[in-house]
Amino acid sequence: MLVGGYGTIALATLGVCANILAISVFTKKSFKSNFNNLLIALAVFDLLFLVVCITESVRRTFEDADANSSSFSGFATQVHHHLFPYFLYPLHNILLTCSIFMTISISIERYLAIFHPLVYRNRSYSWNLSCHILPVLALSVIINIPKFFESVVRYDGENSYIDLTELRFTRSYVVYYQNWFRFLVLGLVPMLLLIFLNLRVFMAINSRKSSSKEMTYSTILLLIVAIFILCHLPRVALNFHEVLEFEQIDQCGPPVWSLIFSVFSNSLLPAINSTINFFIYFLAGKKFRNSLLNLVFCRDDRQDTVLSKTSFRTADTRLVGNNTDEAAKKVKEIIELEKKCVLTRSSSIA
């Protein structure tokens, strides 16, 4: 109760705030890029997942299993009961799947940027939405359609409670969908894909000279994937144990250690994974860190003034920064100095 209840609620609340801050920073114009847009999508999925985690932890920790509408708390619990089978429980699984597939989608984006730059640069404006985000949503919903039929609200007189349907006890459903299918599609295959894609990207980045922007993107992605694997590996291991020991579990029930382990693998660790990405952005991205501090302290983002060769030649004063007048004076001074140098050279030659 302490870990799966209060611990998850506190952690998920922190994660909600962290993801809101991350979205606020990444939606700024200065952060506009394909990679950052996908990070926004990941943050949105993580944010919604953590909100559902809070509701589920509240239900398990503070609400009674049976609810009666005679009191306000009982009525609120009954409303929660009716939302659970056909909304909260399927949504929880859909958002977890979205988070898994979105991490893979971001890895594919980096892989294309490194190994197929021409294809990457010639993409249309709607590429991210049509090829990275919508497929993730569609697959996540399709994979979790059976979750809408696993639980139901039953009544014992005026008391309501949540019960499992006959489908959840069907042997073929448990073996093939709940164990094997979810183990492969949401566990083994995603981890193998992430390891393959990010090892290729890491080796390519280290074997050639890359821009600081590419290095930052790759570092952030590698940290996200590393934390993802660490947080989801226990869930995959527990699922694999259930696949191998299904007969014994079906006859004798799950062992005590697996019940305790499932609290961490299915509740706390996914919440940690959805929370910690913000701290990766903060520690690995200097630009993100500076922009976040400016946002928190209500300051304007100060961008470095960049003077291009064209601005020197044309005396263009449309510069980024707050002190544009001073920058324009400096440009004019530099141009005057260049003119004087040309005149002195021509006079000495004459």
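Look up: the structure comes first, before these words.
Residues numbered from 1 in each chain as written. Predicted model: local features only at pLDDT ≥ 70, side-chain atom pairs only at ≥ 80, totals over all residues. Heavy atoms only, no water.

Some details on the environment of tyrosine 120
Within the secondary structure layout, tyrosine 120 lies in helix H4 (residues 117-121). Taking relative accessible area as the criterion, tyrosine 120 reaches 16% and is therefore assigned buried. When the C-alpha positions of tyrosine 120 and arginine 110 are compared, they lie 9.3 Å apart, and in sequence the two are 10 residues distant. (Helix = DSSP H or I, 4+ residues; strand = E, 2+ residues; numbered from the N terminus. Buried < 20%, exposed > 50% of the residue type's maximum accessible area, 1.4 Å probe, protein only.)

Some words on the pattern of salt bridges
Pairing is possible between side chains of opposite charge, provided their charged atoms come close. In total, this model carries seven salt bridges according to the counting rule given. Of the charged contacts, one joins arginine 154 and aspartate 163 as a salt bridge, the two residues approaching to 2.9 Å between their closest N and O atoms. Overall, aspartate 163 belongs to the partly exposed group, its relative accessible area being 29%. Taken together, the shared-partner salt bridges in this structure form one network comprising Glu56, Arg59 and Arg60. (Salt bridge = Lys/Arg side-chain N within 4 Å of Asp/Glu carboxyl O.)

Let's talk about the packing of aromatic side chains
Per the counting criterion, the structure on display carries 14 aromatic pairs. Note on tyrosine 281 and phenylalanine 288: the rings are 5.7 Å apart at their centroids and 65° apart in plane angle, and the pair reads as edge-to-face. Phenylalanine 288 matches tyrosine 281 in its accessibility class, with the two residues each being buried. Feature note: the residues Phe26, Phe31, Phe278, Phe279, Tyr281 and Phe288 constitute an aromatic cluster, connected by ring pairs. Lying across the ring of phenylalanine 84, arginine 59 places its NZ or CZ 4.5 Å from the centre. Against the face of phenylalanine 31 rests lysine 287, its NZ or CZ located 4.8 Å from the ring centre. (Phe/Tyr/Trp six-rings, centres within 6.5 Å; stacked < 30°, edge-to-face > 60°. Lys NZ or Arg CZ within 6 Å of the ring centre and 35° of its normal.)

Some words on the pairing of strand S2 (residues 151-156)
Bridge analysis of S2 against strand S3 (residues 159-164) gives six bridges, and the strand direction is antiparallel. Its bridge partner being in S3, valine 153 is matched across the sheet by isoleucine 162. (Pairing = 2+ DSSP bridges.)

Details of the side chain of asparagine 198
Inspection of the secondary structure assignment puts asparagine 198 in helix H7 (residues 171-207). Setting aside chain neighbours within four positions, we find asparagine 198 in contact with Ser107, Leu221, Leu222 and Val225. (Contact = heavy atoms within 4.5 Å.)

Things to note about the nonpolar core
One finds Phe26, Met102, Ile106, Tyr281 and Phe288 to be the most contacted residues of the largest nonpolar core, which totals 57 residues. Those elements giving two or more residues to this core turn out to be helix H1 (2-26), helix H2 (34-62), helix H3 (72-115), helix H5 (127-143), H7, helix H8 (212-244), helix H10 (256-284) and helix H11 (286-296). With 13 residues, the single largest contributor to this core is H2. Excluding residues within four positions of it along the chain, isoleucine 106 makes contact with Phe35, Leu38, Leu39, Leu42 and Leu221. By size, the runner-up hydrophobic cluster in this structure holds six residues, among which are Tyr111, Val201, Ala204 and Ile205. (Core = buried A, V, L, I, M, F, W, Y, C linked by side-chain atoms within 4.5 Å.)

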